[in-house]
Protein chains: 2
Amino acid sequence: MHATSSDQLSRLELAAWRGLLRTHSRLARELDRELETAHGLPLTHYEVLLHLEAAPEHRLRMGDLAESVLLSQSGVTRLVDRLECDGFVVRERCPADRRGLNARLTGEGLAKLREARPTHLAGIRERFVARLSEAELRALAAVWTRLRPGID
Amino acid sequence: MHATSSDQLSRLELAAWRGLLRTHSRLARELDRELETAHGLPLTHYEVLLHLEAAPEHRLRMGDLAESVLLSQSGVTRLVDRLECDGFVVRERCPADRRGLNARLTGEGLAKLREARPTHLAGIRERFVARLSEAELRALAAVWTRLRPGID
DNA sequence: GCAATTTCGTTGTCTGGGCAAGTATAATTC
DNA sequence: GAATTATACTTGCCCAGACAACGAAATTGC
């Protein structure tokens, strides 16, 4: 094995780390392009629709949505603006807490999601899932679990 | 095992995929913040310095640099602009091909890199490397290899 | 029940980065 | 060797997203 001094990374460590950066960068770019050209839908938009579909009654508070799609609150405000313009989502004042808003998926939004989903799933499958064995998928999932913050 | 139909992902597949997105997002954000607050150096800047240091004579063509840091050419043009303002890098017309430019690391740039490196390495170690076993690191490296484009 | 504080979302502003067009040099073709 | 084509960067323009400041509603403390 390579020595692992405190102020440098071994080749293995470096490969594991830089691979994450490179792979993510490439896959995110490719999948976004694919979705955009096939359906005129950027990946961020797709992800909002997806999370809304999965939510009870197809609605989510703005803040929860932000967390789901890994964006800042203001980022989501504007993202939902665009989706509302497209008619894929509507904002509804939340009755229980009148500060809050629910973003709700419209029929049109759901239709768009269903149209785009096969493309995206196929893209993930082709570039990611299908290239890995079940053992490798398990290993990945285990790694992500281990890396969750606050878990020592 | 979960069935793997052609138009949806199994839980395992989903966990492997979404984990990549989440983990990358969180780590990139945290490491960038850390470097920025500790040394006033964004992660992208750090990466340029790092790749230049590793290059022969501490210099790289703009295009090669773009590839290294996973950015577009215009992105690197502007990134090098900023680094040149900071005095960490200089552009030198390439004698062999006078269209081209080399970005060269300055002494100041090298000093800054050396100042920032321990912070960044410690960050990677703490959040990533140290949480994984050697077997897991190997598994990750293997996965990245498998996912390289054009490899079936 | 009225302040003080906290929470939820939006808005103003700024910055980084992508694409397409532009400029300059090199390579190729005839 | 002149004209075309290709390559290496830069620039103009645009867009998405972050942060901080803000308003509105809820919660807490007294």
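The model shown is predicted, which means the values in this text are computed figures rather than measured ones.

The rules behind each value
Residues numbered from 1 in each chain as written. Chains lettered and ligands numbered in written order. Predicted model: local features only at pLDDT ≥ 70, side-chain atom pairs only at ≥ 80, totals over all residues. Heavy atoms only, no water. Axes fitted to C-alpha atoms, helices over the stretch in contact; angles between N-to-C directions. Helix = DSSP H or I, 4+ residues; strand = E, 2+ residues; numbered from the N terminus. Parallel < 35°, antiparallel > 145°, perpendicular 65-115°, else oblique. Left-handed = near helix turned anticlockwise from the far one by under 90°. Contact = heavy atoms within 4.5 Å. Nonpolar A, V, L, I, M, F, W, Y, C, P; charged D, E, K, R; others polar. Salt bridge = Lys/Arg side-chain N within 4 Å of Asp/Glu carboxyl O. Buried < 20%, exposed > 50% of the residue type's maximum accessible area, 1.4 Å probe, protein only.

For the rest of this paragraph, the subject is the packing of helix α6 (residues 134-147) of chain A against helix α1 (residues 11-39) of chain B. Between α6(A) and α1(B), whose axes approach to 8 Å, the crossing angle comes to 40 degrees. What the angle tells us is that α6(A) and α1(B) run oblique. Crossing hand, α6(A) versus α1(B): left-handed. Residues A:E134, A:L137, A:R138, A:L140, A:A141, A:W144 and A:L147 of α6(A) touch α1(B), and the partners they reach there are B:L12, B:E13, B:A15, B:A16, B:G19, B:L20, B:T23 and B:R26. Split by residue class, the contact of α6(A) with α1(B) holds nine nonpolar, two polar and four charged.

Our focus in this paragraph is the interface of chain B and chain A. With 54 residues of chain B at the contact, the number on the chain A side is 54 residues. Across the chain B-chain A interface, the total number found is six salt bridges. A salt bridge links A:E47 to B:R18, with the nearest nitrogen and oxygen atoms 3.4 Å apart. Put simply, the parts of the chain that give the side of chain B that touches chain A at least two residues each are α1, α2 (43-54), α3 (62-68), α5 (107-127) and α6 (134-147) of chain B. It is α1(B) that contributes the most residues to the side of chain B that touches chain A, 16 residues altogether. Among the residues making up the side of chain B that touches chain A, the classes are represented as 26 nonpolar, 12 polar and 16 charged.

What follows concerns unusual backbone geometry. Positive phi values are uncommon outside glycine, yet A:H58 reaches one of about 60 degrees. Checked against the element boundaries, A:H58 lands in the loop between α2 (43-54) and β1 (59-61). Here A:H58 falls in the partly exposed class, since its relative accessible area comes to 26%. Even without a glycine there, the phi angle at B:L70 is positive, about 60 degrees. Mapping B:L70 onto the fold places it in the loop between α3 and α4 (73-86).

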